[in-house]
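Read off the chains here:
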Amino acid sequence: GEHFRMLWDVKGKYMPHSIDEKEAAFKLCKIVAKSIGPNKVPYIVTHDGRTIRYPHPDIKKNDTIKLNLNTGDIDAILKFEQGADVYITKGNSVGRIGILSHIEKHPGSFDIAHVRDSRGQHF
């Protein structure tokens, strides 16, 4: 059978993107929460609702993990830091791809991420 990954285009509409068998064996998941549960068990929660117990200590909120769908293990950690490749999933720039320039920290409010695309445009 064929394998597809659903992505957004620059107009905010879903677009099926064809992938091969090897790429269909993993999923990229954004970390939305990191906490300590009952009996002092550390865990992380991903954007799709998965809870993973005993994660690697280097994983922080807003990082992305490469999750093996066959075993449920974490294959790689993609850090949310300056110079990282990013894919915009919400807002006016949904579907755009770029490089993270810097992050403005606003305690008590939302942080602002500045991204530069391949044409040099900042958004």
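Just so we're clear, the structure is a prediction, and the values are computed from it rather than from any experiment.

This next bit is on the sheet that holds strand 5 (residues 51–53). In spatial order, the strands read 5-4-3-6-7; together these 5 strands make up an open sheet with antiparallel pairing. In the strand order of this sheet, the two ends are held by strand 5 and strand 7 (74–78), each with one partner. Strand-to-strand twist in this sheet, taken as the mean axis angle between neighbours without regard to direction, amounts to 35 degrees. Examined bridge by bridge, strand 4 (residues 42–46) and strand 5 share 3 bridges and lie antiparallel to one another. Opposite Ile44, over in strand 5, you have Ile52 as the bridge partner.

With that settled, the discussion passes to the confidence of the model for the protein. Per-chain confidence: the protein averages 95 in pLDDT, with 100% of residues scoring 70 or above. Across the protein, strand 4 holds the top mean pLDDT of 98, while strand 8 (residues 85–87) sits lowest at 94.

Further remarks concern the pattern of salt bridges. According to the stated counting rule, one finds 6 salt bridges in the structure shown. With a closest N to O distance of 2.7 Å, Lys27 and Asp48 form a salt bridge. Taken together, the positions of Lys27 in strand 3 (residues 26–36) and Asp48 in the loop between strand 4 and strand 5 put the pair 21 residues apart, joining distant regions of the chain. Classification of Lys27 as partly exposed rests on a relative accessible area of 26%. One salt bridge connects Lys105 with Asp111, and the closest N-O pair in it is separated by 3.9 Å. By relative accessible area, which is 59% here, Lys105 ends up exposed. A residue is classified by how much of its surface remains accessible, and Asp111, at 41% relative accessible area, is partly exposed. The network of salt bridges with common partners includes Lys27, Asp48 and Arg50.

A word on the side chain of Thr46. Summarising the element assignment, Thr46 is placed in strand 4. Judged by its relative accessible area of 2%, Thr46 falls in the buried class. Separated by 2.4 Å, the side chains of Thr46 and Asp48 make a polar contact. When near neighbours in sequence (up to four residues on either side) are disregarded, Thr46 contacts Cys29, Lys30, Ile31, Val32, Ile52 and Ile65.

In this structure the tally under the stated criterion is 1 aromatic pair. Both rings, one in Trp8 and one in Tyr14, keep their centres 5.4 Å apart while their planes meet at 25 degrees; by these two values the pair is stacked. Its relative accessible area of 24% is what places Trp8 among the partly exposed residues. Exposure remark for Tyr14: the relative accessible area of 56% places this residue in the exposed category. Between the NZ or CZ atom of Lys66 and the centre of the ring of Phe26, over which it lies, the distance is 4.4 Å. Against the face of Phe123 rests Arg96, its NZ or CZ located 3.7 Å from the ring centre.

The subject of this paragraph is unusual backbone geometry. Notably, Lys40 is not glycine yet its phi reads approximately 60 degrees, a positive angle. Here Lys40 lies in the loop between strand 3 and strand 4. The phi torsion at Asn62 lies on the positive side, around 80 degrees, for a residue other than glycine. Note on placement: Asn62 falls in the loop between strand 5 and strand 6 (64–68).

Conventions adopted
Residues numbered from 1 in each chain as written. Predicted model: local features only at pLDDT ≥ 70, side-chain atom pairs only at ≥ 80, totals over all residues. Heavy atoms only, no water. Pairing = 2+ DSSP bridges. Helix = DSSP H or I, 4+ residues; strand = E, 2+ residues; numbered from the N terminus. Axes fitted to C-alpha atoms, helices over the stretch in contact; angles between N-to-C directions. pLDDT = per-residue confidence, 0-100. Salt bridge = Lys/Arg side-chain N within 4 Å of Asp/Glu carboxyl O. Buried < 20%, exposed > 50% of the residue type's maximum accessible area, 1.4 Å probe, protein only. Polar contact = N/O pair within 3.5 Å; in protein donor to acceptor, adjacent residues only side chain to side chain. Contact = heavy atoms within 4.5 Å. Phe/Tyr/Trp six-rings, centres within 6.5 Å; stacked < 30°, edge-to-face > 60°. Lys NZ or Arg CZ within 6 Å of the ring centre and 35° of its normal.

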